[in-house]
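The residues making up each chain are set out below.
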Amino acid sequence: MNEIFDIKHKSADGKARTGVIHLPHGDVQTPVFMPVGTNATVKAMPKDFLEEINFEIILANTYHLYLRPGADLIAEAGGLHGFSKWNRNFLTDSGGFQVFSLSKLRKITDDGVKFQSNIDGSYHFFTPENVVQTQTKFNSDIQMQLDVCTGYNEPRKEAESALKITSDWLLRAKKEWETQKENGYKGMLFPIVQGHFHEDLRKQSAEFVSGLDMPGIAIGGLSVGESAQEFTHFMNYTVQYLPESKPKYVMGIGTPEYILDAVQAGIDMFDCVLPTRNARNGSYFTHNGMLSIKQERWTHSFEPVDKQCNCKVCRTYTRAYLRHLFKEQEILSSILASYHNLYFLHNMIHEIRDAIEHDCFEQYRKDFLEKFHSGV
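Scoring rules and cut-offs
- Residues numbered from 1 in each chain as written.
- Predicted model: local features only at pLDDT ≥ 70, side-chain atom pairs only at ≥ 80, totals over all residues.
- Heavy atoms only, no water.
- Phe/Tyr/Trp six-rings, centres within 6.5 Å; stacked < 30°, edge-to-face > 60°.
- Helix = DSSP H or I, 4+ residues; strand = E, 2+ residues; numbered from the N terminus.
- Buried < 20%, exposed > 50% of the residue type's maximum accessible area, 1.4 Å probe, protein only.
- Lys NZ or Arg CZ within 6 Å of the ring centre and 35° of its normal.
- Core = buried A, V, L, I, M, F, W, Y, C linked by side-chain atoms within 4.5 Å.
- Axes fitted to C-alpha atoms, helices over the stretch in contact; angles between N-to-C directions.
- Parallel < 35°, antiparallel > 145°, perpendicular 65-115°, else oblique.
- Contact = heavy atoms within 4.5 Å.
- Nonpolar A, V, L, I, M, F, W, Y, C, P; charged D, E, K, R; others polar.
- Salt bridge = Lys/Arg side-chain N within 4 Å of Asp/Glu carboxyl O.
- Pairing = 2+ DSSP bridges.

## A closer look at the packing of aromatic side chains
All chains considered together, the criterion is met by 15 aromatic pairs. Measuring from ring centre to ring centre gives 5.4 Å for Phe49 and Tyr339, while their planes differ by 85°; the resulting arrangement is edge-to-face. A residue pair is termed long-range when its members are at least 10 positions apart, and Phe49 in helix α1 (residues 47-53) and Tyr339 in helix α14 (residues 331-357) qualify at 290 residues. With a centroid separation of 5.4 Å and an interplanar angle of 65°, the aromatic rings of Tyr237 and Tyr241 are classed as edge-to-face. Under the relative-accessibility criterion, Tyr241 is labelled partly exposed at 22%. Three or more aromatic residues joined by ring pairs make a cluster, and in this case those are Phe285, Phe344, Tyr364, Phe368 and Phe372. Against the face of Trp177 rests Lys181, its NZ or CZ located 4.2 Å from the ring centre. Across from the ring centre of Trp298, 4.5 Å away, lies the NZ or CZ of Arg319, which sits over that ring.

## Structural notes on the nonpolar core
In this structure, Phe33, Ile259, Ile267, Phe270 and Ile352 are the most contacted members of the largest nonpolar core, which totals 79 residues. Broken down by element, this core gets its largest block of residues, twelve residues, from α14. Membership of the second largest hydrophobic core comes to 20 residues, among which are Ile4, Phe5, Leu59 and Met144.

## Let's talk about the packing of helix α7 (residues 156-182) against helix α8 (residues 199-210)
Relative orientation of the contacting elements α7 and α8 amounts to 0°, with a least axis distance of 11 Å. Between α7 and α8, the crossing angle belongs to the class labelled roughly parallel. Mapping the contact onto sequence places Arg156, Ala159, Glu160, Leu163, Ser167, Leu170 and Leu171 in α7 and Asp200, Leu201, Gln204, Ser205, Phe208 and Val209 in α8. The residue makeup of the contact of α7 with α8, split by class, is seven nonpolar, three polar and three charged.

## Digging into the pattern of salt bridges
Counted under the stated rule, the structure contains 17 salt bridges. Note that Arg156 and Asp200 form a salt bridge whose closest N and O atoms lie 2.6 Å from each other. Placement of the pair is Arg156 in helix α7 and Asp200 in helix α8, with a sequence separation of 44 residues. The closest approach of N and O atoms between Glu370 and Lys366, which form a salt bridge, is 3.7 Å. Here Glu370 and its partner Lys366 are both found in helix α15 (residues 361-372), four residues apart, which amounts to about one turn of the helix. For Glu370, a relative accessible area of 54% gives the class exposed.

## What about the sheet that holds strand β7 (residues 106-108)?
Within the open sheet, the three strands sit side by side as β7-β8-β9. Their pairing is antiparallel. This sheet does not close on itself; its edge strands, each paired only once, are β7 and β9 (123-126). The average angle at which neighbouring strand axes cross in this sheet is 15°, direction not considered. Of the pairings in the sheet, the one linking β7 to strand β8 (residues 113-116) comprises three bridges and is antiparallel in character. Of the residues in β8, the one forming a bridge with Ile108 is Val113.

Structural data, given as structure tokens:
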């Protein structure tokens, strides 16, 4: 396998590292937080804003884009890049998470997943092969295998079945991806480690995935309702069985605490809808923790959301004005809050990389969390 990942620096005080992932639409510096653009758009964020903040990769959702507007239309437009005019990298998920989250609308078999559209009730069938074909039509820079994600309280028997199906599907997806590569497709396929909250299943899955020597590896089935302590334990437990040379991606995390835990474990990539979803609900990241802009105490506050933040929202607008926008349900409220939250996380990631390069990540993590938990 041609390596797409270069490790730049390993922190002297732990497993944290910086690196570069080489992708068709440009290099991606790691660690990296990827904003979620479910429908080929990050909600309330024009692509120009994402470029201004300097994101190098965003995530889009295969399930939703397959249903609307459809893979053929996106292919006709020149893939996701031509369709959206975001000319940097796209990672697309496989639809596997929707298999989990829309469990009442689907049926899993060895062949694939039959599901009912949440839009119009029509029936569709996802297989490992056609999910690769769909993401190839999207021209995804990184695509994910179709997998089965189990809920937190699923019995062991269900976890074993889900892991077997996921592993079988990976072999089929890999074969289809290799066919697409022979036909000129340039994107990467990442497998997904599953195994629920059972150490032996996690080890089995991690070793199986590692043996296939694919471009990178995702850790799935976490952040599905477990405690923070369980999340950290199973993430660290899984990582020890994965090759150091591959970029590692933990799916679905977006709080500073979880991101810092992931970086500490040697994780390189993460994504989450949380920053923009919080923003639309009036919740802002600050260096002193989360700030709820709806609170009455900000009515006469003419200071920025975060004095330490250099984003254009904090340089321009006051808490009083932002509270007014939110209370009046102005569209601008979602735009400005989303911009700030994504800028905040991107800047935090930049600081994390800098701390790793200077071998002081653990001190940075301690100082950041101490202040973040101090309260606004």
